[in-house]
Amino acid sequence: MSPLKPPRARRVAVVGGARVPFARSDGPYATASNQEMLTAALDGLVERHGLQGPGAVGEFVAGAVLKHSRDFNLARETVLGSTLDPRTPAYDVQQACGTGLQAVIAAANKIALGQTESAVAGGADTASDAPLGVNDRLRRILLEARRAKSPGARVKALAKIHPAHLVPDIPRNAEPRTGLSMGEHAAVTARAWGITREAQDELAATSHQRLAAAYERGFFQDLVVPFRGLARDQNLRPGSTVEKLAALKPVFGLDAPGPTMTAGNSTPLTDGAATVLLASEEWAGARGLEPLAYLTAYETAAVDFVGGDVAGGEDGLLMAPAYAVPRMLERAGLGIEDFDLVEIHEAFASQVLATLAAWEKRGLAPVDRARLNTAGSSLATGHPFAATGARVVATLAKLLAERGGPGRGLISVCAAGGQGVTAILERT
């Protein structure tokens, strides 16, 4: 009996995307759950691409970073509450800020191998409705009481509860290994790479201006679904300028001279959800759907942000794309100069600038700023952690399609835990 031949990988098309406008935490979406936002984004995608029929989509892949225990099956519950066929399989993934892009990769792999013809990938996050953990000491006492063999033993265990045990554990935007917030880690990297305040403010102002221009020309008309009274990203400040941003006080890196990172050149806590439709060429063609672009390569990486060269900037928390992108380009036989568009997730302006510097240090050509984040990015849109990857994929795919001819786009997303997720989109 001859062995089975491995399947030939197929091209994976990015057909479209849909997301809700992103909102600042504790604002319009303060009472919206991950599931509610993700359902709204998914329903928008279903409506715009005619996905209401039985078996229209092979599967749904999504995730969230900040999850309640009720969200243990978030993707599947979202399907059941949406207009998508309830028989659509679904599962969750999570890789911090890389979740949305990693969901895209997971779905794309199955399409490429012929295991499914179509899939929706995405993510949602709410900083407003973040879960509150039970005080760990109280948790241990309650478990001890549950295991008690008699009423007396149960009462004895419960008697150990003190008022201090009733204070909940508030989620913190900090790395468990270091205790430092993402912003404080980014400040260390900014100092190591000599990133100036002026350069950060310029990048941030440009992000707002470009996002505003994209909305004004109707670019997001078929990508953004109005939700809870919002039709545009709430964080958008069309009038942002370097001069206005220069007036803001630093908020990170205050433990060292010359701090440069402010609320204006850092991404705010954000609520939102995004989805993207992926398919084989045959599936899209049979439904009369024109692919926007094709997902042709992807790469992940991680750095040792605890014991590595952190002070030197090489292994800063958000620097994994500095390793993933050169590796991916070498495998694809490409250089930065081969890309018409580059999308770098803007967790912080300093992190984008440090990544660009690191790529050059590793032998890549400088990125033409006219090609970088041409429709704005996270500094302007905001950053609901798990939603960003799907937002970037859908945005870049449409930007490439707008060009009307062959083109190539690069995606770079940094993530908590010292990780990075990167990808290439192409039109031929």
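Since the structure is predicted, the reported quantities are computational estimates derived from the model, not experimental observations.

S.K.: Just give me the short version of the overall build of the protein, but keep the residues and values in it.
M.R.: In terms of regular secondary structure, the protein is built from 13 helices and 12 strands. For 428 residues, the compact-globule formula gives about 22 Å, and the C-alpha radius of gyration of the protein, at 22 Å, lands near that figure. For the protein, the spread of C-alpha atoms along the principal axes amounts to about 75 × 60 × 55 Å. Counting all 428 residues of the protein, 56% fall into the buried class. Of the contacts made within the protein by residues no fewer than 6 positions apart, 80% connect residues no fewer than 24 positions apart. Here the protein displays about 17900 Å² of accessible surface, and carbon together with sulfur accounts for 54% of that area. Considering the protein, the positive charge centre built from 44 side chains and the negative charge centre built from 44 side chains are found 6 Å apart.

S.K.: Kindly report on the pattern of salt bridges, identifying the contributing residues and their values.
M.R.: Counted according to the given criterion, the structure contains 23 salt bridges. In this structure, the salt-bridge partner of Arg217 is Glu402, at a minimum N-O distance of 2.6 Å. Of the two residues, Arg217 is situated in the loop between α7 (197-216) and α8 (242-246) and Glu402 in helix α13 (residues 388-402); the sequence distance between them amounts to 185 residues. With relative accessibility at 48%, the residue Arg217 sits in the partly exposed group. For Glu402, a relative accessible area of 42% corresponds to the partly exposed category. Overlapping salt bridges bring together Asp136, Arg139 and Arg140 as one network.

S.K.: Describe the packing of aromatic side chains, naming the residues involved and giving the relevant values.
M.R.: Applying the stated rule across the entire model yields four aromatic pairs. Between Tyr215 and Phe220 the ring centres are 4.6 Å apart and the planes differ by 40 degrees, which places this aromatic pair in the tilted class. Taken individually, Tyr215 and Phe220 each receive the classification buried, so the pair is uniform in this respect. Directly above the aromatic system of Tyr294 lies the positively charged group of Arg11, at a separation of 3.7 Å from the ring centroid.

S.K.: Tell me about helix α4 (residues 136-147), and name the residues and values.
M.R.: With 12 residues, α4 extends 17 Å from end C-alpha to end C-alpha; this agrees with the ideal 16 Å at 1.5 Å per step. The complete set of buried residues in α4 reads Leu138, Ile141 and Ala145. For α4, the arc enclosing every buried residue in end-on projection is 60 degrees, short of the 170-degree limit, so these residues lie on one face. α4 presents Arg146 and Arg147 as exposed residues on the side facing more than 90 degrees away from its buried surface. The inward-facing, buried residues of α4 abut α5 (151-158).

S.K.: Residues and numbers for the environment of Val155, please.
M.R.: By the secondary structure assignment, Val155 is in helix α5. The spacing of Val155 and Ala145 is 10 residues in sequence and 7.5 Å in space, taken between C-alpha atoms.

S.K.: Explain the pairing of strand β9 (residues 293-302) residue by residue, including any values.
M.R.: Relative to β9, strand β1 (residues 12-19) runs antiparallel, the two sharing three bridges. Bridge assignment links Ala13 to a residue of β9, and that residue is Tyr294. Sheet topology places β9 next to strand β12 (residues 419-427); eight bridges connect them, and they run antiparallel. Residue pairing in the sheet places Tyr294 in a bridge with Glu426 of β12.

S.K.: Outline the side chain of Ser118, listing residues and values.
M.R.: Positionally, Ser118 belongs in strand β5 (residues 118-125). Residue Ser118 is classed as buried on the basis of its relative accessible area of 2%. A distance of 3.4 Å separates a polar atom in the side chain of Ser118 from the backbone oxygen of Ala56. Each residue touching Ser118, except ones within four places of it in the same chain, is listed here: Ala56, Val57, Gly58, Glu59, Ile111, Leu278, Ala279 and Trp283.

S.K.: Would you mind going over helix α11 (residues 349-361) in detail, with residue names and values included?
M.R.: A rise of 1.5 Å per residue sets the reference length of α11, with its 13 residues, at 18 Å; its end C-alpha atoms lie 19 Å apart and thus fit the reference within 8%. Of all 13 residues in α11, 10 are buried; the element is thus mostly enclosed. Ala349, Ser350, Gln351, Val352, Leu353, Ala354, Thr355, Leu356, Ala358 and Trp359 are the residues of α11 that are buried. Looking one or two residues beyond α11, the residue adopting positive phi is Gly363, at roughly 95 degrees.

S.K.: Go over unusual backbone geometry with me, naming the residues and quoting the values.
M.R.: Look at Asp26: it is not a glycine, yet its phi comes out positive at around 60 degrees. Looking at the secondary structure, you find Asp26 in the loop between β2 (23-24) and α1 (34-49). Owing to a relative accessible area of 60%, Asp26 belongs among the exposed residues under this scheme. With a phi angle near 50 degrees, Ala96 is a residue other than glycine that sits in the positive phi range.

Each value, and the rule that gives it
- Residues numbered from 1 in each chain as written.
- Predicted model: local features only at pLDDT ≥ 70, side-chain atom pairs only at ≥ 80, totals over all residues.
- Heavy atoms only, no water.
- Helix = DSSP H or I, 4+ residues; strand = E, 2+ residues; numbered from the N terminus.
- Rg over C-alpha atoms; globule rule 2.2 N^0.38 Å.
- Buried < 20%, exposed > 50% of the residue type's maximum accessible area, 1.4 Å probe, protein only.
- Contact = heavy atoms within 4.5 Å.
- Areas by Shrake-Rupley, 256 points an atom, 1.4 Å probe, with all protein chains shown as cover.
- Lys, Arg positive; Asp, Glu negative; His and termini not counted.
- Charge placed at Lys NZ, Arg CZ, Asp CG, Glu CD.
- Salt bridge = Lys/Arg side-chain N within 4 Å of Asp/Glu carboxyl O.
- Phe/Tyr/Trp six-rings, centres within 6.5 Å; stacked < 30°, edge-to-face > 60°.
- Lys NZ or Arg CZ within 6 Å of the ring centre and 35° of its normal.
- Expected span 1.5 Å × (residues − 1).
- Arc of directions from axis to C-beta.
- Pairing = 2+ DSSP bridges.
- Polar contact = N/O pair within 3.5 Å; in protein donor to acceptor, adjacent residues only side chain to side chain.

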